[in-house]
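Below, each chain spelled out in residue letters.
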Amino acid sequence: MAICVLFAFASFSIVAFSRVLWITLLGEINEAVGVAFASLSSGLGETTLLSYSAHFDRDVVSTWSSGTGGSSAFGALSYAGLISSGITPRNTVLIMNVIPFLMGICYWFILEHPEGITEREPLLGKARTEGAALLFRSFLRNECIKRAKYQVSFRVGTFIARSSVNIFPIKKTWLLAVLQNVNLVILLCEAYVPFLPSVWIMFLISLYVGLLGGSCYVNTFYRISQEVPPEHREFSMGVTSVPINGGIALAGVAVLPTHRAFCTYWRNKMRS
């Protein structure tokens, strides 16, 4: 956990001072390093804490998922609020360093850790890695929901879905992945040949995409907490997050040529 806190602190600090300590080119490189540190902190923290959640009440999965759904909206709103109040972007990012500090305080001093936790040998064959379905959600989010206003509706849908598992649990998570593929085809067609009559339909689609993605995430981990034997639950929680983060990484790679291809297509079409 200490590594996650240090990476998070380093990410904010590197981004904040990237263009103060170095020339522009090195500043851009440092910003990329800062973002990479943030990703390392997020990925390691997710794997660690999801595994650790196996030692607590099963409702922790729901509250964890709800928190991750709301955190992105909170981060964006808090940054925008600080900027709007007249604080410079660099100082705003430095103020954000309070987040990893509070995270460490909560983990080491507030959380009541269960007793008698022992290390177990990983059993990959026993893990229920249903998070592979989230690969489709990750690509869809990165490629087809790019505009800020669409992101808002997407985040709202994600937050609602990740908070709903105790009320509306879904066992057939594979169906959610299939529906996400349908959305992917529709949105790619819309990007190539626009056919939707109103932008409000896109907002609804963005909300729907968030609902599907959030539902797939929370129900996958909820099913693990319910169905996997206790002796394998901790490892299953951790290993399931690997394909989720892998899907996000693949989406980041795939979005570059895809976005470039669409931009080239529309640029040539407008010139002709």
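From a predicted model like this one, the values you see are computed outputs, not experimental measurements.

Peer 1: I'd like a rundown of the overall build of the protein, residues and numbers included.
Peer 2: A count of helices and strands for the protein gives 10 helices and zero strands. If you list the helices and strands of the protein from N to C, you get α-α-α-α-α-α-α-α-α-α. In the protein, which comprises 272 residues, the proportion classed as buried is 36%. Taking as baseline every contact in the protein between residues at least 6 positions apart, the subset at least 24 positions apart corresponds to 80%. Surface accessibility of the protein: about 15,500 Å² in total, with carbon and sulfur atoms responsible for 70%.

Peer 1: Which residues make up the packing of aromatic side chains, and what are the values?
Peer 2: The tally for this structure, following the rule as stated, stands at seven aromatic pairs. Ring centres of tyrosine 52 and tyrosine 107 lie 6.2 Å apart, and the angle between their planes is 55 degrees; this geometry places the pair in the tilted category. Note that tyrosine 52 is positioned in helix H2 (residues 24–52) and tyrosine 107 in helix H5 (residues 98–110), a separation of 55 residues in sequence. Judged on exposure class, the residue tyrosine 52 and its partner tyrosine 107 are both buried. Grouped by ring-pair contacts, the aromatic residues Tyr52, Tyr107 and Trp108 constitute a single cluster. Sitting over the face of the ring of tyrosine 217, arginine 162 holds its NZ or CZ atom 3.8 Å from the ring centroid.

Peer 1: Just give me the short version of a nonpolar patch on the surface, but keep the residues and values in it.
Peer 2: On the surface, a nonpolar cluster with roughly 550 Å² of combined accessible area is contributed by Trp174, Leu175, Val178, Val182, Ile186 and Phe195. Looking at the secondary structure, you find phenylalanine 195 in the loop between helix H8 (173–192) and helix H9 (199–227).

Peer 1: Break down the environment of serine 153 for me, citing the residues and quoting the values.
Peer 2: Following the sequence through the fold, serine 153 ends up in helix H7 (residues 148–162). C-alpha separation for the pair serine 153 and leucine 207, spaced 54 residues apart in sequence, amounts to 4.9 Å. Excluding anything up to four places from it in sequence, serine 153 contacts Phe203, Ser206 and Leu207.

Peer 1: Run through the packing of H8 against helix H10 (residues 230–271), naming residues and quoting values.
Peer 2: Where H8 meets H10, the closest approach of the two axes is 10 Å, and the angle between their N-to-C directions is 30 degrees. In terms of their interaxial angle, H8 and H10 are classed as roughly parallel. Along its contact with H8, which presents Leu188, Ala191 and Tyr192, the element H10 presents Phe262, Tyr265 and Trp266. Here the contact of H8 with H10 is built from residues that sort into six nonpolar, no polar and no charged.

Peer 1: Pulling in residues and values, what's your account of the UniProt feature "transmembrane region" (unreviewed entry) in the protein?
Peer 2: UniProt records the feature "transmembrane region" (unreviewed entry) at residues 92–111, 174–193 and 199–218, using the numbering of this structure. With 85% helix and 0% strand, the stretch residues 92–111 has end C-alpha atoms that lie 28 Å from each other.

Peer 1: Give a description of the nonpolar core that names residues and reports values.
Peer 2: In this structure, Leu50, Val61, Val165, Tyr217, Val218, Phe221, Tyr222, Ile224, Val228, Met237 and Ile244 together form the largest nonpolar core, which totals 11 residues. Secondary-structure elements contributing two or more residues to this core are H9 and H10. For this core, the leading source of residues is H9, giving five residues. The residues contacting valine 218, other than those within four sequence positions of it, are Val61, Ser62, Ser65, Ala161, Arg162 and Val165. Core analysis: the next-biggest nonpolar cluster, separate from the first, contains seven residues, Tyr150, Phe154, Phe203 and Val209 among them.

Peer 1: Explain H8 residue by residue, including any values.
Peer 2: Between the first and last C-alpha of H8 there are 29 Å, a value that for 20 residues agrees with the 28 Å anticipated at 1.5 Å per step. For H8, the full list of buried residues reads Thr173, Leu176, Ala177, Gln180, Asn183, Leu184, Leu187 and Glu190. Taken around the axis of H8, the buried residues stretch over an arc of 130 degrees, which confines them to a single face. Those residues of H8 that are exposed and aimed more than 90 degrees away from the buried face are Trp174 and Val185.

Peer 1: Pulling in residues and values, what's your account of the pattern of salt bridges?
Peer 2: Overall, the coordinates contain one salt bridge when judged by the stated rule. Close ionic contact of arginine 223 with glutamate 227 constitutes a salt bridge, the shortest N to O distance being 3.0 Å. On the criterion of helical spacing, the pair formed by arginine 223 and glutamate 227 is a turn pair, its members being four residues apart in helix H9.

Peer 1: Explain the side chain of serine 41 residue by residue, including any values.
Peer 2: Along the polypeptide, serine 41 turns up in helix H2. The buried category is assigned to serine 41, whose relative accessible area is 8%. Residue contacts for serine 41: discarding those within four places in its chain leaves Cys4, Phe7 and Ala8.

Peer 1: Could you give an account of the confidence of the model for the protein, naming the residues involved and the relevant values?
Peer 2: Residues with a pLDDT of 70 or more make up 82% of the protein, whose mean pLDDT is 76. Every residue in residues 21–25 scores below 50 in pLDDT, and together they form three contacts with partners more than four places removed in sequence or on other chains. Confidence drops under a pLDDT of 50 for residues 119–145, and excluding neighbours within four residues, the segment shows 78 contacts in the predicted structure.

Cut-offs applied
Residues numbered from 1 in each chain as written. Predicted model: local features only at pLDDT ≥ 70, side-chain atom pairs only at ≥ 80, totals over all residues. Heavy atoms only, no water. Helix = DSSP H or I, 4+ residues; strand = E, 2+ residues; numbered from the N terminus. Buried < 20%, exposed > 50% of the residue type's maximum accessible area, 1.4 Å probe, protein only. Contact = heavy atoms within 4.5 Å. Areas by Shrake-Rupley, 256 points an atom, 1.4 Å probe, with all protein chains shown as cover. Phe/Tyr/Trp six-rings, centres within 6.5 Å; stacked < 30°, edge-to-face > 60°. Lys NZ or Arg CZ within 6 Å of the ring centre and 35° of its normal. Patch = residues over 30% accessible without salt bridge, like charges linked within 9 Å, V, L, I, M, F, W, Y side chains within 5 Å. Salt bridge = Lys/Arg side-chain N within 4 Å of Asp/Glu carboxyl O. Axes fitted to C-alpha atoms, helices over the stretch in contact; angles between N-to-C directions. Parallel < 35°, antiparallel > 145°, perpendicular 65-115°, else oblique. Nonpolar A, V, L, I, M, F, W, Y, C, P; charged D, E, K, R; others polar. UniProt positions renumbered as here; feature names shortened; annotations may be inferred. Core = buried A, V, L, I, M, F, W, Y, C linked by side-chain atoms within 4.5 Å. Expected span 1.5 Å × (residues − 1). Arc of directions from axis to C-beta. pLDDT = per-residue confidence, 0-100.

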